[in-house]
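Chain residues, written in single-letter form:
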Amino acid sequence: MKTLIATPDPDEPSTSPFDAAKGADGRWSARDLQVLMGYARWQNLAAPLGRAKATARNEGLDVDREFSQVNGLMGSHKPGAPERIDYRLTRQAAYLLAMNGDPNKPEVAGAQMYFARRTREAELRTEKPMTELELAHRYITALEREQQLAAANAELAREVATLVPKAEGYDDLIAAEGYLDMGAVAKVLAPVTGFGRTRFLNLLRGMGIIMQNSTLPYQNLIDRGYFAVRTEVSAVGAHPYTVVTPKGLRWLHAELREDRPTLGHGDIGQVIELPTSGAEDEESAS
């Protein structure tokens, strides 16, 4: 391998073979890097070299400038001898080549560390120090962003504080199998209706959801999965009672928010006038 002796930077001792391989023009020979990166044959470097060029192209770099191709005769100088293709790589191109190499090869991993470090050092040398005005502007921008985030977090905390008790209350009302009894539903929907259990049941009768003089729903609503009927057995006998599914609770909430609910199951029941005094039950909406 032909080794290109680099002119070292005055403040940068050449302790790495990659430093020694850098030419006086500040570039690296791809064939030198082939050996340093542990590739036995030039053909083996073709794949990472192709990926490095594609990356440079995607980044908007001038590929021909970053990967400058040079040709020479291989071995013999006789006419007709095959050409020896090589590339002179800038630091950026060499960095891309290392990053696209096989990371399982220790030599490639060493090349990646070397060029990542050298590229960052070059960036730091070219960065202009910020003026006091620029520093102040950056500080003010960061402070404003911090204040915006603090305000957003405070608003989120207020929303959470409002929603958590409601969620906990809802969980308490849900039965083990996922159903709610009618009293629990009346409490959940009280913010919408303003009614306790008795007036809530009267409302459902008037809307044609449950039967008159009963708490049992119509069969078509059971078939839709909104309600279910359970049987309670006691010393005095067995009697059915209604429970509401989570799907039914969402449906009731949507129906009760409509000005004129449309249930879509015919003329089952008529909306009746609810009592305005006297008959209110002992369970308040609160």
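Quick note: structure is the one above.
Residues numbered from 1 in each chain as written. Predicted model: local features only at pLDDT ≥ 70, side-chain atom pairs only at ≥ 80, totals over all residues. Heavy atoms only, no water.

Chemist: So what about the sheet that holds strand β6 (residues 237-244)? Which residues, and what values?
Modeler: Reading across from one edge, β4-β6-β5 is the order of the 3 strands in this open sheet, with antiparallel pairing throughout. Strands with a single pairing partner mark the edges of an open sheet, and in this sheet they are β4 (180-181) and β5 (227-234). Sheet topology note: the β4/β6 ladder contains 2 bridges and is antiparallel. Residue pairing for β6: D181 is matched across the bridge by V243. Packed on one face of the sheet, helix α12 (residues 246-256) meets β4, β5 and β6 and runs near 60 degrees to β6. (Pairing = 2+ DSSP bridges. Helix = DSSP H or I, 4+ residues; strand = E, 2+ residues; numbered from the N terminus. Contact = heavy atoms within 4.5 Å. Axes fitted to C-alpha atoms, helices over the stretch in contact; angles between N-to-C directions.)

Chemist: Tell me about α12, residues and numbers included.
Modeler: Along α12, the residues that are buried comprise G248, L249, W251, L252, E255 and L256. Here the buried residues of α12 occupy an arc of 165 degrees about the axis, which is enough to place them on one side. (Buried < 20%, exposed > 50% of the residue type's maximum accessible area, 1.4 Å probe, protein only. Arc of directions from axis to C-beta.)

Chemist: If you had to explain unusual backbone geometry to someone new, which residues and values would you point to?
Modeler: Backbone geometry places N213, a non-glycine residue, at a positive phi of 55 degrees. Residue classification places N213 among the exposed residues on the basis of a relative accessible area of 80%.

Chemist: Please provide a residue-by-residue account of the pairing of β5, values included.
Modeler: Two elements, β5 and β6, share 8 bridges in a ladder whose sense is antiparallel. Bridge pairing links V229 to T242 in β6. Joining the antiparallel neighbours β5 and β6 is a turn of 2 residues.

Chemist: Can you break down the environment of T231 residue by residue, with the values?
Modeler: Mapping T231 onto the fold places it in strand β5. By relative accessible area, T231 is classed as exposed at 56%. In sequence terms T231 and Y241 are 10 residues apart; their C-alpha atoms lie 6.1 Å from each other. Every residue in contact with T231, bar those within four places of it in the chain, is listed here: A238, H239, P240 and Y241.

Chemist: Pulling in residues and values, what's your account of the packing of aromatic side chains?
Modeler: Applying the stated criterion across every chain yields a total of 5 aromatic pairs. With 4.8 Å between their ring centres and 85 degrees between their planes, Y114 and F115 make a pair best called edge-to-face. Note on F115: relative accessible area 0%, which makes it buried. For the pair Y226 and W251, a centre-to-centre distance of 4.4 Å together with 10 degrees between the ring planes defines the contact as stacked. Within this pair, whereas Y226 is found in the loop between α11 (219-223) and β5, its partner W251 is found in helix α12, the two being separated by 25 residues in sequence. Taking the relative accessible area as the measure of exposure, W251 reaches 11% and is therefore buried. Among the aromatic residues, those joined into a cluster by ring pairs are F18, W28, Y114 and F115. Sitting above the plane of the W42 ring, R31 keeps its charged end 4.1 Å from the centroid. The ring of Y39 carries the charged tip of K105 above its face, separated from the ring centre by 5.2 Å. (Phe/Tyr/Trp six-rings, centres within 6.5 Å; stacked < 30°, edge-to-face > 60°. Lys NZ or Arg CZ within 6 Å of the ring centre and 35° of its normal.)

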